[in-house]
Amino acid sequence: MAGQDCLISNDWICGEYLRTRSQELTDATLQHIGITLASVAIGLLVAFPLALLARRWRAVAGPVLGLTTVLYTVPSLAMFSLLVPFFGLSPAVVVTGLVLYSLTILVRNILAGLAAVPEETREAARGMGYGPLRLLFGVELPLALPALMAGLRITTVSTISLTTVGAILHYGGLGNLVYDGMHSYFKAQVLTASVLCVALAVAADLLLLLVQRLLTPWTRAGNKAGKAAGKAKSGPGGGKAAGRPAAAEGAL
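Here the structure is a predicted model, which is why all the values come from computation and not from measurement.

Colleague: Which parts of the structure should I look at to understand the UniProt feature "transmembrane region" (unreviewed entry) in the chain?
Modeller: Sequence positions flagged by UniProt for "transmembrane region" (unreviewed entry) are, in local numbering, residues 30-52, 64-87, 93-114, 135-154 and 191-211. Within the segment residues 64-87, helix and strand shares are 92% and 0% respectively, and the terminal C-alpha atoms sit 24 Å apart. Counting secondary structure, residues 191-211 comes out at 100% helix and 0% strand; the distance between its end C-alpha atoms is 30 Å.

This is the structure we're talking about:
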């Protein structure tokens, strides 16, 4: 009886709610993760060829970037409402809307990453006999990974947040609990679902950051080498020249 006091008094923090609604929370969390993974994966599959087209033909770059930007400005409620006639009241409405929102970030970051690849590196690869596809997947994409992963992290976090809006169609994952809790003024449900949503976003961001570090070991090696060189030059007898690497290191 004592454990149910927080439910009766409608407290924000309630252990009894967690105990009695654990399955409901689990189902909502799994739905949230499923919608997010599907949206980000499809968004990446669509954004990649669009970015390649925009890079290959300059005349296509403007319309592609402009269209993805316009789609991103459409309010989520309006976007989902416009998609309902095509997909009905189904998870496809939420996933499609989230895919469209992801395109502007992913396309721009893929383009930025590919543009940052030094032309000397491309010329060296061509001189070694690399064809267009091998050059793209063997040289350019690995060097563009930091920018691509940065866009993927932003997209994933924003998708986790926007998924909650799907609650208007009853396909919002944790957003369903937030939406229902707000209507019934069930404080524990609103707070718990909100905290879980934030926790998902933080966990996803950290996981993608770890993946980025594993896929780009040369960036860590380069940073360590730069710091070691800076320390060596700033040692005894370094004189005035020692101050410059230290300043540059600070700027980094």
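From this point, things continue past the structure.
Colleague: Explain the packing of aromatic side chains here, please?
Modeller: One pair of aromatic rings is described through two measures. These are the centre distance and the angle between the planes. Taken as a whole and judged by the stated rule, the model has two aromatic pairs. Ring geometry for Phe-48 against Phe-137: centres 6.2 Å apart, planes inclined by 45°, an arrangement best described as tilted. Separated by 89 residues along the polypeptide, Phe-48 in helix H3 (residues 22-56) and Phe-137 in helix H8 (residues 132-163) bring together distant segments of the chain. Judged by its relative accessible area of 48%, Phe-137 is partly exposed. Between Tyr-72 and Tyr-101, the ring centres sit 6.2 Å apart and the planes meet at 85°, which makes this aromatic pair edge-to-face. A residue pair is termed long-range when its members are at least 10 positions apart, and Tyr-72 in helix H4 (residues 58-73) and Tyr-101 in helix H6 (residues 91-115) qualify at 29 residues. The aromatic ring of Tyr-130 is capped on one face by Arg-134, whose charged end is 3.9 Å from the ring centroid.

Colleague: Quick question: what am I supposed to make of the pattern of salt bridges here?
Modeller: For side chains bearing opposite charge, pairing can occur when the charged atoms are close. Within the structure shown, the criterion is met by seven salt bridges. In this structure, Arg-126 engages Glu-123 in a salt bridge whose closest nitrogen and oxygen atoms are separated by 3.1 Å. Taken together, the residues span about one helical turn, with Arg-126 and Glu-123 both in helix H7 (residues 119-127) at a distance of three residues. Among the residues examined, Glu-123 registers a relative accessible area of 46% and is labelled partly exposed. Asp-205 is paired through a salt bridge with Arg-153; the nearest N and O atoms lie 2.9 Å apart. In this pair, Asp-205 sits in helix H10 (residues 187-215) while Arg-153 sits in helix H8, placing the two residues 52 residues apart along the sequence. Looking at Asp-205, the relative accessible area reads 22%, which means it is partly exposed. Among the charged side chains, a network of salt bridges with common partners joins Arg-55, Glu-119, Arg-122, Glu-123, Arg-126 and Glu-140.

Cut-off values and rules
- What you see as residue numbers is a count from 1 along each chain, following the sequence as written.
- In view of the model being predicted, local features appear only for residues whose pLDDT reaches at least 70, and side-chain atom pairs are presented and counted only at 80 or more, with totals across whole chains, interfaces and linings using the full set of residues.
- Calculation of side-chain values draws on the structure's entire complement of heavy atoms; hydrogens and water are dropped beforehand.
- UniProt positions are given in the numbering used here, feature names are shortened, and annotations may be inferred rather than shown by experiment.
- What counts as a helix is a DSSP run of H or I of at least four residues, what counts as a strand is a run of E of at least two, and both are numbered from the N terminus.
- Aromatic contacts are taken between Phe, Tyr and Trp rings whose centres are within 6.5 Å, Trp giving its six-membered ring; a plane angle under 30 degrees counts as stacked, one over 60 as edge-to-face, and the others as tilted.
- Only protein chains enter the area calculation, which uses a 1.4 Å probe; residues under 20% of their type maximum are buried, those over 50% are exposed, and those in between are partly exposed.
- Remark: a charge is flagged as sitting over a ring if the NZ atom of Lys or the CZ atom of Arg is within 6 Å of the ring centre and within 35 degrees of the ring normal.
- Just to be clear on terms, a salt bridge is a Lys or Arg side-chain nitrogen sitting within 4 Å of an Asp or Glu carboxyl oxygen.

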